[in-house]
Amino acid sequence: MRMLPRGAAALAAVVTVASLTSSAAAQPRTGRAAETAGTVRAAAAAQIPPGVTAGVAVYDRETGRFTEQVDDSAQFRSASVVKLLLALDFLWDRGPDYTIPPADRARLEPMLRGSDDDAADHYWSTYGGSAIIKRMTDRTELGLRDTAPPPAGYPGFWGYTAVSARDTVAIYRYILEKAPAPVRDFIMDNLRRSTRCSATDHFDQHFGIAGAFDKPWAVKQGWSGKYAKGTCGSQAVSSGARAESAAAAGRGAAAVDLTRPALHSTGTVGANDRSIVAVLTLHPVGTSYGKAYTDIGRLTRSLNVPGAKRPAGTWFGTWGEFVNVRRGPAAGGDRITQLPAGVEVLVGCQVRGEVVTVPPYTNEWWAYLPQYGGYISNIYISSPDNRLPDVPECAA
């Protein structure tokens, strides 16, 4: 029995044309390397979705070379990626033991793991706002070339700090290779413990790196724009985007685009943090969070990332809003979270479970999503048949 109502199928076609296996997504393009301005640039494997503006850099720490560089000096508003600099500024010259007061540990940990905005507000206002960025760009150890404070008209908007993909790589290289061990270990340990649900606005932040690769990885994500409210978490608590996105639309253009929705994924991938990955993206005005989430996922999966382990399974689009991820294949099972509307998901296997009805269609098959550790009804997956093609049944 066909499982998608016509309207749902049309919506699904907008979100994704076809399912994509993880092995197929990993295939890089081939080409000849070129040398530009003294920097060897590898042939790009990056597949940038239509309508997306991207700055990309992948640096292999084992070979000391970039494997991807696409507009890596282009400036983007940082969104929450700037929280790396807020943490570094606070931890700089803390003394021989780098002791972190309990009150600051209680702020820094959720800021790095869950991208807590209230903590960022505290450090921005307490330690000088744009002066923090000036201190960071003045430090030759960091080697930042494209980073700049927010525009003059936005002094309180830490998320409007300008960054580039190559500067993001430089920040991680400093943390991993030059920072005192206590600073390195504190920051990277918290990034390895990134939570799926953001602390302040309840967005699912395991897109990009966290969705494209198996652990080990460490991530600091960023998002900014007029996205619909977040639905992440067992309670699916919702809140709107922060006021900064609304302010941006009315103040005119700036050197750094403050209008289009931004979604960034940065961090390290592989054993011993082998690869540093920075994927900074802007999306057309009106893009949904699920569509941007899917697009940055596809882009990240296309990259040549040495040391990365790609998860097994098949990628499918979904349709519908507030689709529940359950602990078991039943509508009455405990809810783990809700999917961003229209997001692409990795399906590991499928199993028969409780029949779900979206009149006039019914479906008894459920898909297991290994990256969520739960199930969704196949009725919400963009496929013409109830049983997903080329997806095995789950073992008992």
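The shown structure was predicted, so the numbers you read here are calculated from the model rather than taken from an experiment. (Residues numbered from 1 in each chain as written. Predicted model: local features only at pLDDT ≥ 70, side-chain atom pairs only at ≥ 80, totals over all residues. Heavy atoms only, no water.)

### Digging into the overall build of the chain
1) Next: Secondary structure summary: the chain contains 11 helices and 17 strands in total.
2) Next: Counting across all 396 residues of the chain, residues that qualify as buried make up 54%.
3) Next: Of the roughly 15900 Å² of accessible surface on the chain, 51% is carried by carbon and sulfur atoms. (Helix = DSSP H or I, 4+ residues; strand = E, 2+ residues; numbered from the N terminus. Buried < 20%, exposed > 50% of the residue type's maximum accessible area, 1.4 Å probe, protein only. Areas by Shrake-Rupley, 256 points an atom, 1.4 Å probe, with all protein chains shown as cover.)

### Re the pattern of salt bridges
1) Next: This model, assessed by the stated rule, comprises 21 salt bridges.
2) Next: Between Asp185 and Arg184 there is a salt bridge whose closest N-O contact spans 3.0 Å.
3) Next: Notably, a salt bridge pairs Glu344 with Arg298, separated by 2.7 Å at the nearest N-O pair. One end of the pair, Glu344, is in the loop between β13 (335–338) and β14 (345–347); the other, Arg298, is in helix α11 (residues 289–301), with 46 residues separating them in the sequence.
4) Next: Judged by its relative accessible area of 5%, Glu344 falls in the buried class.
5) Next: Of the residues examined, Arg298 reaches a relative accessible area of 24% and is grouped as partly exposed.
6) Next: Residues participating in the shared-partner salt-bridge network are Asp60, Glu62 and Arg274. (Salt bridge = Lys/Arg side-chain N within 4 Å of Asp/Glu carboxyl O.)

### A look at the side chain of Thr300
1) Next: With respect to the helices and strands, the residue Thr300 is situated in helix α11.
2) Next: Take Thr300: its relative accessible area is 0%, and that puts it in the buried class.
3) Next: Not counting residues within four places of it along the chain, the set of residues in contact with Thr300 comprises Gly208, Ile209, Ala212, Phe213 and Val279. (Contact = heavy atoms within 4.5 Å.)

### Details of the packing of helix α4 (residues 102–113) against helix α5 (residues 117–126)
1) Next: Axis separation between α4 and α5 bottoms out at 8 Å; the angle between their running directions is 120°. The orientation of α4 relative to α5 falls into the category oblique. Crossing of α4 against α5: the hand is left-handed. On α5, the residues touching Asp104, Arg107, Leu108 and Met111 of α4 are Ala119, Ala120, His122 and Tyr123.
2) Next: Taken together, the residues of the contact of α4 with α5 sort by class into five nonpolar, one polar and two charged. (Axes fitted to C-alpha atoms, helices over the stretch in contact; angles between N-to-C directions. Parallel < 35°, antiparallel > 145°, perpendicular 65-115°, else oblique. Left-handed = near helix turned anticlockwise from the far one by under 90°. Nonpolar A, V, L, I, M, F, W, Y, C, P; charged D, E, K, R; others polar.)

### Overview of the state of the cysteines
1) Next: As enumerated under the stated definition, the model contains two disulfides in all.
2) Next: The disulfide bridge from Cys349 ends at Cys394, spanning 2.0 Å between sulfur atoms. Between Cys349 and Cys394 the disulfide shows an S-S torsion of about 95°. By sign, it is right-handed. Within this pair, whereas Cys349 is found in strand β15 (residues 349–358), its partner Cys394 is found in the segment after β17 (374–377), the two being separated by 45 residues in sequence.
3) Next: By relative accessible area, which is 14% here, Cys349 ends up buried. (Disulfide = S-S within 2.5 Å.)

### Regarding the sheet that holds strand β10 (residues 275–282)
1) Next: Spatial strand order, β5-β4-β10-β9-β8: five strands in an open sheet with antiparallel pairing. At either margin of the open sheet sits one strand with a lone partner, and together these are β5 (65–70) and β8 (217–224). Strand after strand, the sheet turns through a mean of 5° between neighbouring axes, direction not considered.
2) Next: Bridge analysis of β8 against strand β9 (residues 262–269) gives eight bridges, and the strand direction is antiparallel. Each residue of the ladder has a partner; that of Gly222, found in β9, is His264.
3) Next: Along the sheet, α11 contacts β4 (53–60), β8, β9 and β10; its crossing angle with β9, the most-contacted strand, is approximately 35°. (Pairing = 2+ DSSP bridges.)

### Some points on the environment of Ile296
1) Next: Counting through the fold element by element, Ile296 comes out in helix α11.
2) Next: For Ile296, a relative accessible area of 0% puts it in the buried group.
3) Next: Separated by 85 residues in sequence, Ile296 and Gly211 place their C-alpha atoms 9.7 Å apart.
4) Next: Filtering out sequence-adjacent residues up to four positions away, Ile296 remains in contact with Phe207, Gly208, Leu263, His264, Ser265, Val279 and Thr281.

### Focus on α5
1) Next: Within the span of α5, buried status applies to Asp117, Ala119, Ala120, Tyr123 and Trp124. Taken end-on, α5 shows its buried residues confined to a sector of 155°, consistent with a single buried face. Seen from the buried face of α5, the exposed residues on the opposite side, beyond 90 degrees, are Asp118 and Ser125.
2) Next: If you check the start of α5, you find a side-chain oxygen 3.3 Å away from the backbone N of Asp118, and it comes from Asp116.
3) Next: Residue Gly128 follows α5 closely and has a positive phi angle near 110°. (Arc of directions from axis to C-beta. Polar contact = N/O pair within 3.5 Å; in protein donor to acceptor, adjacent residues only side chain to side chain.)

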